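Here is how the chains run, residue by residue.
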Amino acid sequence: MHTQSPQVRMANEIAVQFHHQPAGQAAAAIAQHIKLFWDPRMKAELLDKAQTEAASLDPLVLDAVTFLKP
């Protein structure tokens, strides 16, 4: 059985807090939160999961990832 990575779970939980905002604004806010509070290794893992397991991520997280790419 495949278990969800902690980064996917946390990013999806963050996204829920921003669902009330317009999508672009929410994605930027999620990305800003991740930039401020996540360790670089966690961000790298999330970027990898966005490539390999996109279906497991909230659409707002996928939009936020575009702000996180180097």
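Preceding this section is the structure that the text describes.
Given the structure is predicted, the values throughout are model-derived calculations rather than measurements. (Residues numbered from 1 in each chain as written. Predicted model: local features only at pLDDT ≥ 70, side-chain atom pairs only at ≥ 80, totals over all residues. Heavy atoms only, no water.)

1. Notes on the nonpolar core
Link 1 in the chain: Ile14, Ile30, Ile34, Trp38, Leu46, Leu57 and Val61 are the most contacted members of the largest nonpolar core, which totals 19 residues.
Link 2 in the chain: When residues of this core are traced back to their parent elements, those giving at least two are helix H1 (6–16), helix H2 (23–37), helix H3 (40–52) and helix H4 (59–68).
Link 3 in the chain: With residues near it in sequence (within four places) discarded, Ile34 still touches Ile14, Lys43, Leu46 and Leu68. (Core = buried A, V, L, I, M, F, W, Y, C linked by side-chain atoms within 4.5 Å. Buried < 20%, exposed > 50% of the residue type's maximum accessible area, 1.4 Å probe, protein only. Helix = DSSP H or I, 4+ residues; strand = E, 2+ residues; numbered from the N terminus. Contact = heavy atoms within 4.5 Å.)

2. Considering the side chain of Ser5
Link 1 in the chain: Note that Ser5 resides in the segment before H1.
Link 2 in the chain: Given the relative accessible area of 9%, Ser5 is considered buried.
Link 3 in the chain: Only 3.1 Å separates the side chain of Ser5 from the backbone nitrogen of Val8, close enough to count as a polar contact.
Link 4 in the chain: What Ser5 contacts, discounting residues up to four positions off in sequence, is Glu45 and Lys49. (Polar contact = N/O pair within 3.5 Å; in protein donor to acceptor, adjacent residues only side chain to side chain.)

3. Looking at the packing of H2 against H4
Link 1 in the chain: For the pair H2 and H4, interaxial distance at closest approach is 8 Å and the crossing angle is 60 degrees. Comparing the axis directions of H2 and H4 gives the class oblique. Seen from above, H2 lies across H4 with right-handed handedness. Facing Ala23, Ala26, Ala27, Ala28, Ile30, Ala31, Ile34 and Lys35 of H2, the residues of H4 in contact are Leu60, Asp63, Ala64, Phe67 and Leu68.
Link 2 in the chain: Class assignment of the residues belonging to the contact of H2 with H4 gives a composition of 11 nonpolar, no polar and two charged. (Axes fitted to C-alpha atoms, helices over the stretch in contact; angles between N-to-C directions. Parallel < 35°, antiparallel > 145°, perpendicular 65-115°, else oblique. Left-handed = near helix turned anticlockwise from the far one by under 90°. Nonpolar A, V, L, I, M, F, W, Y, C, P; charged D, E, K, R; others polar.)

4. A short note on the pattern of salt bridges
Link 1 in the chain: Evaluation of the coordinates by the stated rule reveals four salt bridges.
Link 2 in the chain: One salt bridge connects Asp39 with Arg41, and the closest N-O pair in it is separated by 2.9 Å.
Link 3 in the chain: Residue Asp39 is classed as partly exposed on the basis of its relative accessible area of 27%.
Link 4 in the chain: The exposure class assigned to Arg41 is exposed, which follows from its relative accessible area of 66%.
Link 5 in the chain: The shortest N-O distance in the salt bridge between Glu45 and Lys49 comes to 3.5 Å. One end of the pair is Glu45 and the other is Lys49, both in helix H3 and four residues apart, which spans about a single turn.
Link 6 in the chain: Residue Glu45 is classed as partly exposed on the basis of its relative accessible area, which comes to 28%. (Salt bridge = Lys/Arg side-chain N within 4 Å of Asp/Glu carboxyl O.)

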